[in-house]
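# Inside the fold
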Amino acid sequence: MVKRFIGLLFFLCTTSFVAQDDFAKKLVSLGYENVRVFTKSNELYVGYENNRYRFEGDALVEVLKTLSNAKIPVGKQTHLLIYNTGLPVVYFNIPSKVLSSINNGSYSEEDTKSIYASLNVDKLESIYGAYTPFNNSFYKFDFQLGFHLDYQLGNFDNGVKEKLYARPNMQTVLGHGTQLNVSYQMVIINDLNNQFYSRPYMAVLSQDFKLPYNGFINASLGYFQFNRFGYNIRFDKLLQEETFHVSINYGMSRYSYLDKEVIPIYNSNQQSFYNATINYRWKKHDIDFRLNYGTFMQNDLGYHFSISRQFEEKFVHLFYKKTNLGDVGGFGFIATLPQKKYLKPKKIRARLADNFKLNYNYFGNSIARSYETGPSLFSDMKEYYPSVLKKAIQKRLVPKN
């Protein structure tokens, strides 16, 4: 009798391990990276990183559907941890009844409410860190094609003067939170000015650090936007999950760029700027109220206030800026490019950039400007907000009448 019991226990354990391994391989086959699947205290733990879907909500829903169809014991609840550049970002606790509802097509708003989601992942980081991931995301090269438009309102003969660029970009992750981005700027259409040459646009090495209690540090070095060469350090802190966040930014740079022969052109005058930001999010409608105060790229001192609305991976915003150089107001948007799902990540992959950005100054000059220093963990954070992802689950899984 004892031998039969031991044999049965061994069989169940072996079956569980095989099912976990099969599920991990399934996620890898779908294009997910840094995949971890293991059992602890009779509960299932799953970790993954998405570089397949443009929007994190689409990736999460696909994982939940796959999990609901898997022949794997999940216990009372499943723990789900999502990564970005190898760093843990957001955690979900999924009750087993939710997976059952997804599987039988009866998912409801009550299921969404029963899902626990949080950006507080400190305790889970050590649990997941003890397991080696499948399909590491490091040292893979993404070649992305993006676009940028400069424009100016003209006269009756030429109402809008535009300059359209194509911006190919190479991006790779070298380690946990370490990214290298190199981009080139090619002129496609130009009736704005007499500068028709193409040249390197940005070359940035950046490092993200995830601190306890939802703190983040990004340090960047290289050739930035608006012909600046130098370094930039930013500290971000989330308060009450995504409801509030504060940011402190410091940069030191000089005017410099790489010409079309990739020769550095620069002057010796160094310039520093520093500013601080406080942001409040109205979670019900995904609206951010943001106030940024400090010095900016032209050594101007003042503030930048904006109101923005998030529609999953798309954004619209209104802004008003006032410094000792004057004031300016306007609006802008971030629109997505057509490709929602990219090719599976390989050593080398070609794809479109994530989005297209455009601002319009309704009045005034370009003041209170800060140059972009390349992608970072916190610049993507709004897509990982628990409220945004839970809305995405609700939208995609609740049966339509």
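Residues numbered from 1 in each chain as written. Predicted model: local features only at pLDDT ≥ 70, side-chain atom pairs only at ≥ 80, totals over all residues. Heavy atoms only, no water.

So, about the domain arrangement of the protein. Think of interface size as the accessible area that goes away when the parts come together; that is how it is often given. Per the domain assignment, the segments making up the protein are domain 1 (2-136) and domain 2 (141-385). Inter-centroid distance (C-alpha atoms) of domain 1 to domain 2 is 34 Å. Contact residues are listed per partner, giving 25 residues for domain 1 and 34 residues for domain 2. For the pairing of domain 1 and domain 2, the buried interface totals around 2700 Å² over both sides, and the portion due to carbon and sulfur atoms is 53%. It is Arg52, Arg54 and Leu119 that lose the most area in domain 1 upon contact with domain 2, and together they represent 33% of the buried surface on that side. If you look at where domain 1 meets domain 2, you find two salt bridges. Residue Glu313 pairs with Arg54 through a salt bridge whose shortest N-O separation is 3.1 Å. The interface formed by domain 1 and domain 2 includes 16 residue pairs in polar contact (both at pLDDT 80 or more). (Domains from an automatic or database assignment. Contact = heavy atoms within 4.5 Å. Buried area = accessible area lost by both parts, 1.4 Å probe. Salt bridge = Lys/Arg side-chain N within 4 Å of Asp/Glu carboxyl O. Polar contact = N/O pair within 3.5 Å; in protein donor to acceptor, adjacent residues only side chain to side chain.)

Another point: the pairing of strand E4 (residues 87-95). Most of E4 sits inside the fold, with nine of its nine residues counted as buried. Between strand E3 (residues 77-84) and E4, which follow one another and run antiparallel, lie two residues, and Thr85 among them has a positive phi close to 50 degrees. Where E4 and strand E5 (residues 116-118) come together, three bridges link them in antiparallel fashion. Its bridge partner being in E5, Phe92 is matched across the sheet by Ala117. (Buried < 20%, exposed > 50% of the residue type's maximum accessible area, 1.4 Å probe, protein only. Helix = DSSP H or I, 4+ residues; strand = E, 2+ residues; numbered from the N terminus. Pairing = 2+ DSSP bridges.)

Of note, Asn136 is situated in the loop between helix H5 (122-129) and strand E6 (141-153). Each C-alpha atom, one on Asn136 and one on Asn181, is 19 Å from the other, the two residues being 45 residues apart in sequence. What Asn136 contacts, discounting residues up to four positions off in sequence, is Glu33 and Asn34. Here Phe138 takes part through its backbone nitrogen, which lies 2.8 Å from a polar atom of the side chain of Asn136.

Running from N to C, helix H2 (residues 56-69) and helix H6 (residues 386-397) cross one another at 60 degrees; their axes reach a closest spacing of 9 Å. As judged from the angle between their axes, H2 and H6 are oblique. Seen along the crossing, H2 lies across H6 with a hand that is right-handed. Of the residues in H6, those touching H2 at Glu56, Gly57, Asp58, Leu60, Val61, Leu64 and Lys65 are Leu389, Ala392, Ile393, Arg396 and Leu397. The residue inventory of the contact of H2 with H6, partitioned by class, reads seven nonpolar, one polar and four charged. (Axes fitted to C-alpha atoms, helices over the stretch in contact; angles between N-to-C directions. Parallel < 35°, antiparallel > 145°, perpendicular 65-115°, else oblique. Left-handed = near helix turned anticlockwise from the far one by under 90°. Nonpolar A, V, L, I, M, F, W, Y, C, P; charged D, E, K, R; others polar.)

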